[in-house]
Amino acid sequence: MYSLLPYNTFGIDVNADRFLEYTSVEELKKLIAQGAITTPFLHIGGGSNLLFTKDYDGLILHSRIEGIEVTEEDARSVSVRVGAGVVWDDFVAYCVEHGWYGAENLSLIPGEVGASAVQNIGAYGVEVKDLITAVETVNIQAEECVYSVDECGYTYRDSIFKRPENKSAFVTYVRFRLSKEEYYTLDYGTIRQELEKYPALTLPVVRKVIIGIRESKLPDPKVMGNAGSFFMNPIVSKEKLEALQQEYPHMPYYELANGRVKIPAGWMIDQCGWKGKALGPAAVHDKQALVLVNRGGAKGSDIIALSDAVRASVREKFGIDIHPEVNFIN
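Analysis parameters
- Residues numbered from 1 in each chain as written.
- Predicted model: local features only at pLDDT ≥ 70, side-chain atom pairs only at ≥ 80, totals over all residues.
- Heavy atoms only, no water.
- Core = buried A, V, L, I, M, F, W, Y, C linked by side-chain atoms within 4.5 Å.
- Buried < 20%, exposed > 50% of the residue type's maximum accessible area, 1.4 Å probe, protein only.
- Helix = DSSP H or I, 4+ residues; strand = E, 2+ residues; numbered from the N terminus.
- Contact = heavy atoms within 4.5 Å.
- Axes fitted to C-alpha atoms, helices over the stretch in contact; angles between N-to-C directions.
- Parallel < 35°, antiparallel > 145°, perpendicular 65-115°, else oblique.
- Nonpolar A, V, L, I, M, F, W, Y, C, P; charged D, E, K, R; others polar.
- Salt bridge = Lys/Arg side-chain N within 4 Å of Asp/Glu carboxyl O.

1. As for the nonpolar core
- In this structure, Trp88, Phe91, Val135, Phe176, Leu178 and Ile191 are the most contacted members of the largest nonpolar core, which totals 45 residues.
- A per-element tally of this core places helix H5 (residues 203-217) first, with 6 residues.
- For Leu178, the contacting residues outside a window of four places in its chain are Arg76, Ser77, Val78, Val80, Phe91, Cys95, Trp100, Tyr101, Gly102, Ala103 and Leu131.
- Of all hydrophobic cores here, the second largest spans 44 residues; its members include Ala227, Leu244, Met268 and Ala282.

Structure follows, in C-alpha cells:
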C-alpha cells in the first residue's frame, strides 16, 4: 500500500495499491513495454483537483517530466515547451521573470502543467487554453500524439482529455505561446482596485496582486486541506439572469458570447448562508464560499455530504444547479 496523503491537497488519508513515477517519455514508454501499467490506473498531477472517497484499488501514475524550453521566439512572442511535471506556479513565475505576458492571472493556482492542460484551469478572466498551442501525449500503446489546441476540445474547465476514452492519453509536454508585448487582463474581481496601491503597472506587480487576492480568500492546503474552487461557476441564459434579477437585483454576473452569462457560484452559496458553516469535519471556507475545506480528519464522504447539501440549497433558492469542479475518485 502507498499513502496518497502527500498527493491530494484535500489531505484525505487514503492509500493506493501501487504508485509509479517517471521522469521522461522514454521511461514512460519503457514502463508500458514492461507491462508495469496495469488497470485500473489513475494518472495524477499535484492532486489539487481530486477528492478520493476511499482507498484506490489500483495504480497511481505521476509524471516528473521537468524542463522549460524555448522553441521559437520573435520580437512579439515566445513559444515554450514545458514538462508535464513542472509545478504550474513555478512556470508562471518563470514567465513573469522573463517578461512574457499572458500567464500572470493564473498565479498561485495549485497543481502541475500537465493537469493544467487537462482541466483548462482559469482565473481572473484568463483560461490556460488562451496560452496553449499544442499538447503532447503518450497513450497506453506507447504511441506519441500531438494535439493542436483546436483538437483539445477546450470549454469551461473541460477538454477531450477528461473523457473516459482519453484517460489513457498521458500528457507529457504542453506547448505555450506567450506575448513579449505588454498587455494585461485587469477587468475581473478587485484587480484594478488592488493595483491602485502600486505606483506603476508592471508584470511583477500584477502577479503580486493576483497572489495577494488569492491568499486573502483561499486557505493554504498545507494548513487546511482544500482543492481551491470546489464548484464551477454556472453559465445561464440572459433570460434566466433577468428573471433572477427581479428578486436579486445586485446579483453579480459576467457576460459571455451567444447571450449567455456566468454567475459566481460563491456569491450564491454565500446568499444561502453557507459561508463559514460546517458539517462535521468538512466546512465552507469563511473567506470564500466557493472553497470547501477539510478542518481535520475529514473523509471524502464528508466533503461530498457537504457538497450535496450546498448544491441543494443553491438549487432550492435560485433554481440553478452548480457542479463540482473537483474530480471524485471512487
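2. So, the packing of helix H2 (residues 88-97) against H5
- Two numbers describe how H2 lies on H5: the axes approach to 9 Å, and their chain directions differ by 150 degrees. Between H2 and H5, the angle is such that the two are roughly antiparallel. Judged by residue contacts, Asp89, Val92, Ala93, Cys95 and Val96 of H2 engage Leu203, Pro204 and Arg207 from H5.
- Across the contact of H2 with H5, the residue classes break down as 6 nonpolar, no polar and 2 charged.

3. Details of the pattern of salt bridges
- Under the criterion given, the structure shown has 17 salt bridges.
- Notably, a salt bridge pairs Lys180 with Glu73, separated by 2.8 Å at the nearest N-O pair. With Lys180 in the loop between strand E12 (169-179) and helix H4 (191-195) and Glu73 in strand E6 (residues 68-73), the pair connects residues that are 107 residues apart, well separated along the chain.
- The residue Glu255 makes a salt bridge to Lys238 at a minimum N-O spacing of 2.8 Å. Of this pair, Glu255 sits in strand E15 (residues 254-255) while Lys238 sits in helix H6 (residues 238-247), and the two are 17 residues apart along the sequence.

Nothing here speaks to function; it is geometry throughout.
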